[in-house]
Amino acid sequence: MYLLYQLHSGGHYMGMDNQLHMIPDGSNHYSDLSLWDIHRTQTPLLTLLQPTVSLDIVKSLIRMYKDGGALPRWPIANVYTGCMIGNHANQVILDNLVKQNNVFDIVTAYQAMKEQAMDPDLPHAGRGGLKEYMIDGYCPSDVVGSSVSLTLAYAYDDWAVGQVAKHLGNSSDVLYFHNRSMNYRNVWNKEHKLMCPRNSSGDFSCPRDPYLNNWVIEGTAYTEGNAGQWRWFVPHDIPGLIDLFQSKEYFVSELDKFFARSKDDPYNILPNPYYWAGNEPDLLAVYLFNYVGRADLTQKYSRWLVQEKYTTAPSGIPGNDDYGTMSAWYVWSALGLYPLTGTDVYFIGSPVVTLAKLKLQKGEFVINAYNNSKTSVFVKQAKLNGNTIDLKVSPFLHHSDIISGGKLEFWMSEQGPTEFHE
C-alpha cells in the first residue's frame, strides 16, 4: 500500500503554500496521493483495514486545501502536480464520511469540494472546461481535450459533492449537484450506445472503432482508455447506466462480449482494446453484472482476471501498480469482495482464498470458501453469519455487515447456479 510521504504527529510538514506547519497531535500527514487511481480500491481498503490511516489521508487533504487554496488532484510532497483529471479527492472524503461518520472537519471539506465544482478560475482545481460544463451539461470536444472522460469524471465528482451536502442537510445543494451528476447522459449517443464527444453546437462525433487505442499516440476525447472502456464508467448511477441500454439483456450481452473479447489478447502489459486490467477506467466493470441478476458472470470473469492477469512472474501485475491501486484490486477480488467507493456497498465476487481473517477495529471478519479450486469459480451458496445471501437478487454486502466482525462463507462449484439463467 504505497504512501511515500508521511510525517508524524507533533512534527512539521511543508504546506502547499511553501510554509512549515505543525502536524496536530494524534495525526499523521500524507502526500504523494494519486487520487485518480487510489480512490477506486486502495483508499477503501485502508478505510476497512487501517481506518486511522485513511482518516489521516482525509485530514491531510483538508490541510492542503487550507494551505494552498484547493484540494489536490495528485499531490507530491507539497506540490500540486495537476496530473490526471477530475476531483477524486471528493470520493476519498465521502468514503470516509460514509464509513467513519463525522470524525473530521466535514464543513471545511465540503467548502473545498463545492468551490472546485463551482469556480472555473480556481487554481489547481482539476476541472478544465468547467465553465462550459456548467452551461452545456458536458465538456465540449472543441474546447477541451479528454472531453468525454472529463464529463464522466465531473458527473461522478458532482455526485460526491451532493452526497456530502445531504449529510450536512443542505437540500438545495443536494438537488443542484444531483442534477449535475446526471450530466453523463449528455454524452451518451443513443444510436451508437457509447459515451461520445460532442462539440459546442451539440453535434456528436462517435469514433468509428470504439476499441481503437489511439489515445496512446494522440490526444482523444478519452483519458487513458478508449470509448469501449469508458462506456461503463458511471459508478454513481449504475441503474441509470443500465437504463441507457435498450434492455438488461442487451446490457449483459454487451458487457459479456467486452470481457470475452478481452481474453483474445494474450498480453499482460500492453493496453488491451477491450477490458484492460492494467489501467483504471474499467476496473469496476467486471462487477456490474451483479446489478442485472448475473452475479455468475462477475464470478466467472473476476476469477479469470485474478488467476490469469496476476501472477508471481516479473510481469505479474497488469500494468503500472499506480500507488497500490492494482494490488488493492487483487486483494479485494481475492477475498471475493469489491467496494463501490463513496457508498457502504461491497460487491460479492468469487474468492480465491480458502480462508481469510480480517483483523478489524471492532472484531475479526472471517471468510471461508469451501471446495475452492482453480476451476471452482462459481459461488453455489453464500452465507453471512449463517444467513443465506440471495446472490441473484442482492449479491452485495454492506460496511455494517463487515466492520464489527463476523463470518462470510462461500460454497464453491465448477458450475454456475441454474437460477441465473432463468
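Quick summary incoming for the structure in this document. Just so you know, these numbers come straight off a predicted model, no measurement behind them.

1. Here we look at the sheet that holds strand S16 (residues 406-413)
Piece 1. Spatially, five strands are ordered S11-S12-S16-S13-S14 in an open sheet, and the strand pairing comes out mixed. Only two strands of the sheet have a single partner each, and these edge strands are strand S11 (355-360) and strand S14 (387-388).
Piece 2. Direction of pairing for strand S13 (residues 378-384) relative to S16: antiparallel, over a ladder of six bridges. Across the sheet, residue glutamine 381 finds its bridge partner in S16, namely tryptophan 411.

2. Thoughts on the state of the cysteines
Cysteine pairs can be linked by a disulfide, which is a covalent bond between their two sulfur atoms.
Piece 1. Under the definition given, this model contains one disulfide.
Piece 2. Cysteine 196 shares a disulfide with cysteine 206; S-S distance 2.1 Å. Around the S-S axis, the bridge from cysteine 196 to cysteine 206 shows a dihedral of about 110° and counts as right-handed. Linking cysteine 196 in the loop between strand S8 (194-195) and helix H9 (227-230) with cysteine 206 in the loop between S8 and H9, this pair joins segments that are 10 residues apart in sequence.
Piece 3. In this structure cysteine 83 is not part of a disulfide, and its nearest cysteine sulfur, from cysteine 139, lies 18 Å away.
Piece 4. Residue cysteine 83 is classed as partly exposed on the basis of its relative accessible area, which comes to 32%.
Piece 5. Residue cysteine 139 stays outside any disulfide, its sulfur separated by 15 Å from that of cysteine 196, the closest cysteine.
Piece 6. Residue cysteine 139 is classed as buried on the basis of its relative accessible area of 1%.

3. Comments concerning the pattern of salt bridges
Piece 1. Tallying each qualifying case throughout the model produces 10 salt bridges.
Piece 2. Here aspartate 158 and arginine 127 are joined by a salt bridge, their closest N and O atoms 3.0 Å apart. Of the two residues, aspartate 158 is situated in helix H7 (residues 147-168) and arginine 127 in the loop between helix H5 (106-118) and helix H6 (130-136); the sequence distance between them amounts to 31 residues.
Piece 3. Using a relative accessible area of 5% as the deciding quantity, one classes arginine 127 as buried.
Piece 4. Connected through salt bridges with shared partners, the residues Arg127, Asp158 and Arg180 form a single ionic network.

4. Examining the pairing of strand S10 (residues 345-348)
Piece 1. A two-sided burial pattern is seen for S10, the buried positions comprising Val345 and Phe347 on one face and Tyr346 and Ile348 on the other.
Piece 2. The sheet contact formed by strand S9 (residues 337-339) and S10 spans three bridges and is antiparallel. Paired with proline 339 across the strands is tyrosine 346, a residue of S10.
Piece 3. Connecting the antiparallel pair S9 and S10 is a turn made up of five residues, with glycine 342 showing a positive phi of about 90°.
Piece 4. Pairing geometry for S10 and strand S15 (residues 396-398), over three bridges, is antiparallel. In the sheet register, phenylalanine 347 faces S15, and the bridge partner there is phenylalanine 396.

Cut-offs applied
- As a convention, each chain's residues are numbered from 1 in the sequence order in which they are written.
- Local features in a predicted model are, by the rule used here, given only for residues with pLDDT of at least 70; side-chain atom pairs are given and counted only at 80 or more, and totals for whole chains, interfaces and linings are based on all residues.
- With hydrogens and water set aside, each side-chain value is computed from the structure's full complement of heavy atoms.
- Two strands pair if DSSP finds at least two bridges between them.
- Each helix is a run of H or I in the DSSP string that is no shorter than four residues. Each strand is a run of E no shorter than two, and both are numbered from the N terminus.
- Throughout, disulfides are identified as pairs of cysteine sulfur atoms within 2.5 Å of each other.
- Buried means the residue's accessible area, taken with a 1.4 Å probe over protein chains only, is under 20% of the maximum for its type, while exposed means over 50%, and partly exposed covers the values in between.
- One side-chain nitrogen of Lys or Arg within 4 Å of one carboxyl oxygen of Asp or Glu is enough to make a salt bridge.

Scope: geometric values only; no functional claims are made or implied.
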